[in-house]
Amino acid sequence: MKLNFGIRPLQSRSKRKSAGACINFLKEMEGEDYILLARPGLTKKKEVDSGYIRAMDSFGGVLYVVVGDDFYSLDTSYNRTKRGTLYTTGGRVSMSFDGTYVVIVDGQEVYTYNTSTNVFALNADSDIIANPTHTVFSDGFHFINGANGQMATHETSYDPAGNWDALDFATAEYAPDDLLAMVADHGNIFMFGSRTTEVWEYDPNSQALPLRPIRSAYIEYGTAAAYSPIQYDNSVVWLARDKNGQGVAVRADGWTPQIISTPELHKEWGSYSDLSDAISQVWWIEGHPIWLLTFPTADKTWAYDSSTGSWSEFQRYETDITDRGRHRSNCSTFFNDKTVCGDYYNGWLYEVDFDTYKDGDDPLLASAESQKVWDGGRSIFHSRIELMFERGVGL
C-alpha cells in the first residue's frame, strides 16, 4: 500500500476521510504522486528601519518600501534613501506607478513621488475623495477608492500630482454594496464590493471618469476582506463573500469565479473571529505561483500553489510550538530577479528562495501527515513500513 503525506492542508471534519496537516511544505507531482518540498526560506537582506514593513513594490529597477511613516527607495545593493514621510504610521498602504510617478495611498491621504525629480509630495486637492485605501494604474490614469465607496481619478492623464475633479468619480452600478477594493488586470479594473464584483474597462469618450462597466462581467461574489483581492497567475484571486455567506477562496476564470479552497479550509476559516483583515501577496518561485493568504487576527497563513492546485499552511518559528502562527512575510514583490518580502513585525527585508533553509535567524520546521489507513472499519496490521525521503547533506 502506497501512502502520500500532506495531501490535505489540515484535518477534515470527518477524521475517517482525511488527516492533516501540511505545514511549511510545497508539492510537486511525479506521476500520480506528490513530492513534498520544504517551502522557500528567507535570507536577510536589509533592515530598512525600526518599524514594520507596511508595503513594498518595485518599479524601474528600484524597490520602494513604506516602513512606519517613512517612504524609502532602495537600489539593487539594498542601499536605502528616504524619500518622504506619510501622515500615518500603521495600516496597509497601496502603491501604483505610471512610468514617472509613484502614487501612494495609506487610508488617509494621497501622496506622489516623481522618480525623475525625486520630489515627494502630499496632494492636498480638496476634490480628492476621503480616506483612499487602494490605488491602481490603467490607461494613463491612477484610480483610487475611498471609504465612501467611490472610485476617482485625476483630471489629466499621467499627472496624479495635479488637479483631481470632484466630478471624476464613480460608484458601483449593478448592486448598491460599497466599493472596498480594486485590482487592475488585462486592461480592466475589477471593482470589489462586499457582496458583488464589477469589471470596468477604459472609455476614452467619457466626459468624466474614463471608465465604463462591462455589462456581461458582473460577478455575484464580493470580497470578505478589502486587502485580499490580488492579481495572481494571469488571473485574480480573493477571499469571497456574497449575500448568503462568506469564507471561500475564488479565482476568476474570465468573469466566472471558481472556488479553489477546500472543505477543510472552509471549516477552518469559519472558526476565525475576523475574516475582514485578511491580506494577500504573491510569490513566484521556480515555477510555483504561490498565493499567500494571511489572517492577522487568527495568526494564520495559508498558501495556494496553482501548479498543483494544493494548499499548505506556512508558519513562522517560535520556541513554544503553540505560538507558531502566521508567516513572517507581510508584503512582497519581484525585485533584482528575486522575490523579496517584508516582515510584519520589524523592518527587515528578505529574499525568498528554495536554497535557504531558515527564516532569517530562525529554523524552518516542516511537518506532514498521511491519509488515514483503514479497511471498512477493520483493523489492519503491518509488518513493516518503508519511508522514501531525501536526507539533508548539511549546510
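Look up: the structure comes first, before these words.
Here the residue numbering is sequential within each chain, running from 1 through the sequence in written order. Where local features are concerned, this predicted model is filtered to residues with pLDDT of at least 70; where side-chain atom pairs are given and counted, the filter is 80 or more; whole-chain, interface and lining totals use all residues. Hydrogens and water are ignored here; the side-chain numbers use all heavy atoms of the structure.

Glancing now at the pattern of salt bridges. Salt bridges are defined as contacts in which a side-chain nitrogen from Lys or Arg sits within 4 Å of a carboxyl oxygen from Asp or Glu. Tallying each qualifying case throughout the model produces ten salt bridges. Between aspartate 70 and lysine 82 there is a salt bridge, and its shortest N-O distance comes to 3.0 Å. Of this pair, aspartate 70 sits in strand β7 (residues 70-74) while lysine 82 sits in strand β8 (residues 80-85); the two residues are twelve residues apart in sequence, bridging distant segments of the chain. When salt bridges that share partners are traced, they join Glu201, Asp203 and Arg212 into one network. Secondary structure counts use DSSP, requiring at least four H or I residues in a row for a helix and at least two E residues in a row for a strand, with both numbered from the N terminus.

For the rest of this paragraph, the subject is the sheet that holds strand β19 (residues 197-202). If you walk across this open sheet you meet the four strands as β17-β18-β19-β20, and the pairing is antiparallel. Among the strands making up the open sheet, the edge pair consists of β17 (179-185) and β20 (211-219). Each strand axis lies, on average, 30° off the axis of its neighbour in the sheet, ignoring direction. Note on pairing: two strands pair once DSSP finds at least 2 bridges between them. Note: β19 against β20, five bridges, orientation antiparallel. Fitting a line to C-alpha atoms yields each axis, with helices limited to the stretch in contact; the angle taken between N-to-C directions then spans 0 to 180 degrees.

On to the layout of surface pockets, then. What the second largest pocket holds in volume is close to 1,100 Å³. We place a 1 Å grid over just the protein atoms. Points where a 1.4 Å probe fits but has no way out form a cavity, open points with protein on both sides within 12 Å along at least 5 of 7 lines form a pocket, and any residue with an atom within 4 Å of a point lines it. Lining of the second largest pocket is provided by 40 residues; of these, Asp57, Met95, Ile230, Gln231 and Ser332 occupy positions nearest its centre. Listing elements by their share of the lining of the second largest pocket, those giving two or more residues are β5 (53-59), β9 (94-97), β13 (134-138), β17, β22 (230-232), β26 (279-285) and β30 (329-335). With six residues, the top contributor of residues to the lining of the second largest pocket is β5. Under the convention adopted here, Pro, Cys and the residues Ala, Val, Leu, Ile, Met, Phe, Trp and Tyr are nonpolar, Asp, Glu, Lys and Arg are charged, and Gly plus all remaining residues are polar. Tallied by class, the residues present in the lining of the second largest pocket amount to 22 nonpolar, 13 polar and five charged. Grid points are joined across faces, edges and corners, and a volume is the space filled by probe spheres set on the points.

What follows is about empty space enclosed by the protein. Enumeration according to the criterion identifies one cavity of 30 Å³ or more in this entry. Within this model, the largest cavity holds a volume of roughly 40 Å³. Lining the largest cavity are Ala172, Asp177, Leu179, Met191, Phe192, Gly193, Thr196, Thr197 and Glu198. Within the residue set of the lining of the largest cavity, elements represented by two or more residues are β18 (188-193) and β19. Counting residues per element, the lining of the largest cavity draws most heavily on β18, which supplies three residues. Along the lines of polarity and charge, the residues of the lining of the largest cavity split into four nonpolar, three polar and two charged.

Core analysis: the biggest nonpolar cluster contains 19 residues, and Leu239, Trp269, Trp291, Phe295 and Trp311 have the highest contact counts within it. The contact criterion used throughout is that any non-hydrogen atoms of two residues lie within 4.5 Å. If sequence neighbours within four positions are ignored, phenylalanine 295 has contacts with Leu239, Trp269, Tyr272, Leu275, Ala278, Lys300 and Trp302. In these notes, a set of buried Ala, Val, Leu, Ile, Met, Phe, Trp, Tyr and Cys residues joined through side-chain atoms within 4.5 Å is what counts as a nonpolar core. With a 1.4 Å probe rolled over the protein chains alone, any residue whose accessible area is under 20% of its type maximum counts as buried; one over 50% counts as exposed, and the rest are partly exposed. Listed in part, the 15 residues of the second largest apolar core include Val183, Phe192, Ile214 and Val236.

In this section: the sheet that holds β13. Overall, antiparallel pairing links the four strands, which are arranged β13-β14-β15-β16 in an open sheet. Single-partner strands in this sheet number two, and they are β13 and β16 (169-170). Two elements, β13 and strand β14 (residues 141-145), share five bridges in a ladder whose sense is antiparallel. Considered in β14, the bridge of valine 136 is made with phenylalanine 143.

Once that is clear, we can look at the packing of aromatic side chains. The pairing test for Phe, Tyr and Trp rings, Trp by its six-membered ring, is centres within 6.5 Å, and the orientation test on the planes gives stacked under 30 degrees, edge-to-face over 60, and tilted for anything in between. Per the stated rule, a full pass over the model turns up 23 aromatic pairs. Where phenylalanine 190 meets tryptophan 255, the ring centres are 6.1 Å apart and the plane angle is 55°; that geometry is what we call tilted. Here phenylalanine 190, found in strand β18, pairs with tryptophan 255, found in the loop between β24 (245-253) and β25 (256-259); they are 65 residues apart in sequence, far enough to count as distant. Put simply, the rings of Phe59, Tyr64, Phe71, Tyr87, Phe97, Tyr111, Tyr113 and Phe120 touch in pairs and so form one group of aromatic residues. The cationic tip of lysine 44 hangs over the ring face of tryptophan 348; the distance from NZ or CZ to the ring centre is 4.5 Å. Think of it as a cone above the ring: NZ of Lys or CZ of Arg counts as a charge over the ring if it is within 6 Å of the ring centre and within 35 degrees of the ring normal.

Another point: the side chain of glutamate 264. Considering the arrangement of structural elements, one finds glutamate 264 in helix α1 (residues 263-270). Note on glutamate 264: relative accessible area 1%, which makes it buried. Of note is the side chain of glutamate 264, whose polar atom sits 3.0 Å from the side chain of threonine 262. Each polar contact in these results corresponds to two N or O atoms within 3.5 Å; when the atoms are within protein, one needs to be able to donate a hydrogen and the other to accept it, and residues that are neighboring in sequence are counted only if both atoms are side-chain atoms.

Let us look at the side chain of aspartate 125. Within the secondary structure, aspartate 125 is located in the loop between β12 (119-122) and β13. The charged-residue count follows a simple rule in which Lys and Arg add positive charge and Asp and Glu add negative charge, with His and chain termini not counted at all. Among buried charged residues, aspartate 125 stands out as having no salt bridge; its nearest opposite-charge side chain is arginine 54, 22 Å away. Within the structure, the side chain of aspartate 125 is placed 2.8 Å from the backbone nitrogen of aspartate 127, a separation counted as a polar contact. Not counting residues within four places of it along the chain, the set of residues in contact with aspartate 125 comprises Gly162, Asn163 and Trp164.

Candidates for patches are residues over 30% relative accessible area with no salt bridge; among them, like charges are joined within 9 Å and nonpolar side chains (Val, Leu, Ile, Met, Phe, Trp, Tyr) within 5 Å. To measure how exposed things are, a 1.4 Å probe is used in the Shrake-Rupley method; for residues, cover is taken only from the protein chains shown. The grouping of Ile385, Leu387 and Phe389 at the surface amounts to a nonpolar patch, some 380 Å² of accessible area in total. A relative accessible area of 60% means that phenylalanine 389 is categorised as exposed.

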